[in-house]
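# Architecture at a glance
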Protein chains: 2
Amino acid sequence: MMRTHYCGAVNRDHLQQTVTLSGWAHRRRDHGGVIFIDLRDREGLVQVVCNPDKVDTFAIAEKIRNEFVLKVTGRVNPRPEGTVNPNLPTGEIEVIADSIEILNASLTPPFQLDDENLSENVRLTHRYLDLRRPVMQENMKLRYRVSKTLRDYLDQHGFMEIETPMLTRSTPEGARDYLVPSRVHPGQFFALPQSPQLFKQLLMVAGFDRYFQITKCFRDEDLRADRQPEFTQVDIETSFMSENEIMDIVETMIRGMFKTVMNVDLPNPFPRMPYAEAMGRYGSDKPDMRVTLELTELSDVMKSVEFKVFRAAADMEGGRVAALKVPGGGTLSRKEIDDYTAFVGIYGAKGLAYIKVNEVAKGRDGLQSPIVKNLDDTALKAIIERTGATDGDLIFFGADKAKVVNEALGALRAKVGHERGLAESGWRPLWVVDFPMFERDEENNRWAALHHPFTAPADGHEDLLQSDPGKALSKAYDMVLNGWEVGGGSVRIHRQEVQSKVFQALNISAEEAQEKFGFLLDALQFGAPPHGGLAFGLDRLVTLMAGAESIRDVIAFPKTQRAACLMTQAPNTVDEKQLRELHIRLRQQVQTQVDVAKN
Amino acid sequence: MMRTHYCGAVNRDHLQQTVTLSGWAHRRRDHGGVIFIDLRDREGLVQVVCNPDKVDTFAIAEKIRNEFVLKVTGRVNPRPEGTVNPNLPTGEIEVIADSIEILNASLTPPFQLDDENLSENVRLTHRYLDLRRPVMQENMKLRYRVSKTLRDYLDQHGFMEIETPMLTRSTPEGARDYLVPSRVHPGQFFALPQSPQLFKQLLMVAGFDRYFQITKCFRDEDLRADRQPEFTQVDIETSFMSENEIMDIVETMIRGMFKTVMNVDLPNPFPRMPYAEAMGRYGSDKPDMRVTLELTELSDVMKSVEFKVFRAAADMEGGRVAALKVPGGGTLSRKEIDDYTAFVGIYGAKGLAYIKVNEVAKGRDGLQSPIVKNLDDTALKAIIERTGATDGDLIFFGADKAKVVNEALGALRAKVGHERGLAESGWRPLWVVDFPMFERDEENNRWAALHHPFTAPADGHEDLLQSDPGKALSKAYDMVLNGWEVGGGSVRIHRQEVQSKVFQALNISAEEAQEKFGFLLDALQFGAPPHGGLAFGLDRLVTLMAGAESIRDVIAFPKTQRAACLMTQAPNTVDEKQLRELHIRLRQQVQTQVDVAKN
């Protein structure tokens, strides 16, 4: 037997017992002729003491270097007075080595495990060493705890996990598919699923009633900090439940999970906010509710002002003028304001007008800003009154298409809030509800589904699908936590005639719909129950809970932002024979590049 | 609220209560002016009664056809005397409908849900209807129960689930990979994993100590009845445990799972049998232990007989002569023997010699067979004594390369055993151990890994890797249940120098090894712990437990044997634009075919 206890679990209860431990030499110190080894396993560290009078054992101990794998048998002793380490669960004891076996040697690792400034490239190349670091061990444990706790809850509530296919049909809707050439069917391809959406709806048609799955999904998108080519979704669907019932059951799940895993009490119930209100007050459909700042609507006031930038935005169809008051923002330097101006530029804002409120009582004269002269007294009064600005505050302005204003001021709100201490700590979940069915796809001059084309319209909004699609609300809901969308879903369309109306509104012809989603449309005709559900992004949720900087820190073997695995060197080139079997070839130009690279 | 109870859960406890139920109209009967509807949900059926005095409700009930989705509110009444159905959990009650709402209509299904002779093509095309059938509902529930029970056990024993990548590196070892072209890296490909083998070993190097994962694996092989392009593996790995400890812990898991899920007591402990013994006695490394037949070794006896077929096989290096006694087989007809002869032909046997034992006491004269005249008395005596044949038995013979004899007689043993009632019922698990490290790859005249090249040699067999590879045994083990290999694994090599020796024996050069498995070889140098594990094939295990005919019956959305999904029509052709983005094109010939098919 290679061990009787985990290293990190030995304590006063084991005093005077003989234990056998296996693990890694975390550190070796020689002190006063005695060798001390911190032996590490996944449960923690314990101090092993090798005395020189144990000649053979001592000789072995002298050979030990960092990260050697050892089996140690010895007696658990109390640490001598003055050497107790209260920061370590095993800090009251030490193990006096009777015998040590080197189970495996180790080269000197390419980096120190306790180095806090490691380059991510080095970490990802030697991921098996990076994962030894306690923070990564904890992240993976947390991730497991979260998924296990969710699974247990769903089990207790009658949900059953059902696996859906990984090799499925390409549907050129949404993001780019990852394709898999078929050997058996020349010229044809499977696609890796972007989500199990259609399959889970079919499982409801099949009568499974309550389904879940924790599964990989794939999107071949341009990567951003919080995206991976493959990601994990907690996918849930139920039949015969309203949107409120669905929200209740998953809200309870998340609240219970936070309590179980982190001992955190989330509010009960989570607040709910219509999409329109979220956009109005926060410029975002996933507002960070910790931030105490809010936008102020000014579009109506600015319709008649002299300042062209504001007036044009206020008069424009779909335009917006809004303010963001920053309490105490009067101390912002020119440089800081310039940086914020550059920041909102990322979101398409052409500038960032502001007013410093020096002294409210002085009226126009108490306001400091290049734009004040272009605003009449009514407008200035409205700005001060509506924002509730007082001496020492600063007010930022956004004026453009609503989309630009919302994205720019929404992002600025979060940034300023966190940078200037205008945010609370803790966990602030929120349901955003009453989403529109459609958003305008300006580029293609058509309506696009805001969620996906299977989302049910709100009760009474069915007729709007044709008469005024922009006004139609849906039965969709997003769970937002501290500014991250952690989950989203909807009640689905369960009647074929409603589904057809939505496809019509989306300008998808009957033929096209049949070609892409024929099996779902067929299924809806054979007794589809009312159903709905949602999906959580597990990677994001755990990243948030872990306080990690990147979702890569909660994934055991992630890809880089260039969609590559530095450890295995995937993707890689393959044999011509493999391609031939799959009935494909590289495009000429690429072929040449690959050949050159090989030589 | 769409329901207060599941249909299948209403019983005497709810008498006189008003309940709301939602489900499918399983059957509608009109009887004496009253309409009876069997309302079905995933928990079962309940009888709904619509009386004509409820005029509006009755009018709705008249519209109802099979598979309509209904919401019914009514009072639970005892069934009238004489109409109680003791076969139904809800058979003592009925629900007197107060109101009925048609939540969704249904076209007439393309098949009757209770039809027992459905073509699999029809079932797979309309899988969402096929899955409504109670047998399929039960199969999916069983599958979920199995995976949940395994997850719970592993959790309680300190294993944590860690997800490994789906998009990984192609390793041209073992079966054919499914490839995924990379958009970001022109000319390069990901592969879908054939198993998480290398990643789980790396997780052990990373110190996670106990890992598991229930995950999809992919093999682009020619499909057989029990294979799917994607299949689900229960993958387990642990550090610092011997093969016996690993076998114990997973054996306990499987025993507990059978008890929990099926209330079946498996033997404790499972018997263990060396590979050589299994091949000798059963001609198989996954013998069905329910079958009471055994092979009898005759190679030594046949070295000197006149009968050339036997003598040649006995004298051949790697040849074997063996017998299979069939008690009572004397009644087998010529036709039956011919059929068995054709059957062993599938396995390469060139014939199927036999002796009918009419009267042992008569010696040679009591034996009936064309081959008796070619066998001397010593040989005949040995055959009778060793097989223990008595009057009325029949003895089959195999004589060829051992591989052919074993496969032919091993398969014949199982077939004859089950067909002639020479098999016990119940569950007969077995561990097969002491596998050889290598098997001879005659085609390429080299040694091939019997399990995989990361399997550790048995203690003391390290030197044999070079000196006599064919004699080296491994630390591999397979769990066999009723003739199916349900799980297999091994202790892995954790030291780089042993891994190198194995690669050498397999004739894999250092460069090739580095190219293919460099990251694993690197990892072994940085303090890899002793580790091992195994993997269960979940599809097979559940198929066996369900008594299903095919693994397709325990997979929600399986592929056909032609690796296609009849429901979604995957794989399918994709846009040229998609291929261009992936830097690939179809091979010329295929391109032409696809174009023709489109027009």
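In the nomenclature of an unreviewed UniProt entry, chain A is known as Aspartate--tRNA(Asp/Asn) ligase of Sulfurimicrobium lacus. For chain A, the Subunit (unreviewed entry) comment in UniProt is given as "Homodimer." According to the UniProt record, the Catalytic activity (unreviewed entry) comment for chain A is "tRNA(Asx) + L-aspartate + ATP = L-aspartyl-tRNA(Asx) + AMP + diphosphate".

### Considering helix α4 (residues 134-156) of chain A
Each turn of an α-helix holds 3.6 residues, which means side chains three or four residues apart point in the same direction. A rise of 1.5 Å per residue sets the reference length of α4 of chain A, with its 23 residues, at 33 Å; its end C-alpha atoms lie 32 Å apart and thus fit the reference within 8%. In terms of burial, α4 of chain A is largely enclosed, as 17 of its 23 residues are buried.

### Looking at the relation of the copies chain B and chain A
Each copy superposes on the other: chain B lies on chain A with an RMSD of 0.0 Å after a rotation of 180° and an axial shift of 0.0 Å. On the angle and the small slide along the axis, the relation comes out as a two-fold axis. Taken as a fraction of all interface residues of chain B, those also at the interface in chain A reach 100%, which identifies the copy contact as same-surface.

### Description of the UniProt feature "site: Important for tRNA non-discrimination" (unreviewed entry) in chain A
Residues and elements named next belong to chain A. UniProt tags H31 and G82 as "site: Important for tRNA non-discrimination" (unreviewed entry). Summarising the element assignment, H31 is placed in strand β1 (residues 18-31). For G82, the position within the fold is in the loop between β4 (69-78) and β5 (93-104). Note on G82: relative accessible area 77%, which makes it exposed.

### Concerning the pattern of salt bridges
In a structure, side chains of opposite charge can pair up when their charged atoms sit close to one another. With the rule as written, the count across this model stands at 114 salt bridges over all chains. Where K475 of chain A meets D459 of chain A, a salt bridge forms, and the shortest distance between an N and an O atom there is 2.9 Å. Within this pair, whereas K475 of chain A is found in the loop between α12 (464-467) and β20 (476-481), its partner D459 of chain A is found in the loop between β19 (446-449) and α12, the two being separated by 16 residues in sequence. Overall, K475 of chain A belongs to the buried group, its relative accessible area being 14%. E385 of chain B serves as the salt-bridge partner of K381 of chain B, at 3.5 Å between the closest nitrogen and oxygen. Here E385 of chain B and K381 of chain B lie together in helix α10 (residues 377-387), a separation of 4 residues that amounts to about one turn.

### Let's talk about unusual backbone geometry
Residue and element names in this part refer to chain B. Between N268 and P269 the backbone carries a cis peptide bond, its omega angle lying at -5°. Looking at where P269 falls in the secondary structure, it is placed in the loop between α6 (243-262) and β11 (272-274). Note that the residue after A570, namely P571, is joined by a cis bond; omega there is 0°. Relative to the assigned elements, P571 resides in the loop between α15 (538-546) and α16 (576-581). Residues other than glycine seldom take positive phi values, yet A563 does so here, at roughly 55°.

What counts, and where the lines are drawn
- Residues numbered from 1 in each chain as written.
- Chains lettered and ligands numbered in written order.
- Predicted model: local features only at pLDDT ≥ 70, side-chain atom pairs only at ≥ 80, totals over all residues.
- Heavy atoms only, no water.
- UniProt positions renumbered as here; feature names shortened; annotations may be inferred.
- Helix = DSSP H or I, 4+ residues; strand = E, 2+ residues; numbered from the N terminus.
- Expected span 1.5 Å × (residues − 1).
- Buried < 20%, exposed > 50% of the residue type's maximum accessible area, 1.4 Å probe, protein only.
- Least-squares fit on C-alpha atoms with pLDDT ≥ 70 in both.
- Contact = heavy atoms within 4.5 Å.
- Salt bridge = Lys/Arg side-chain N within 4 Å of Asp/Glu carboxyl O.

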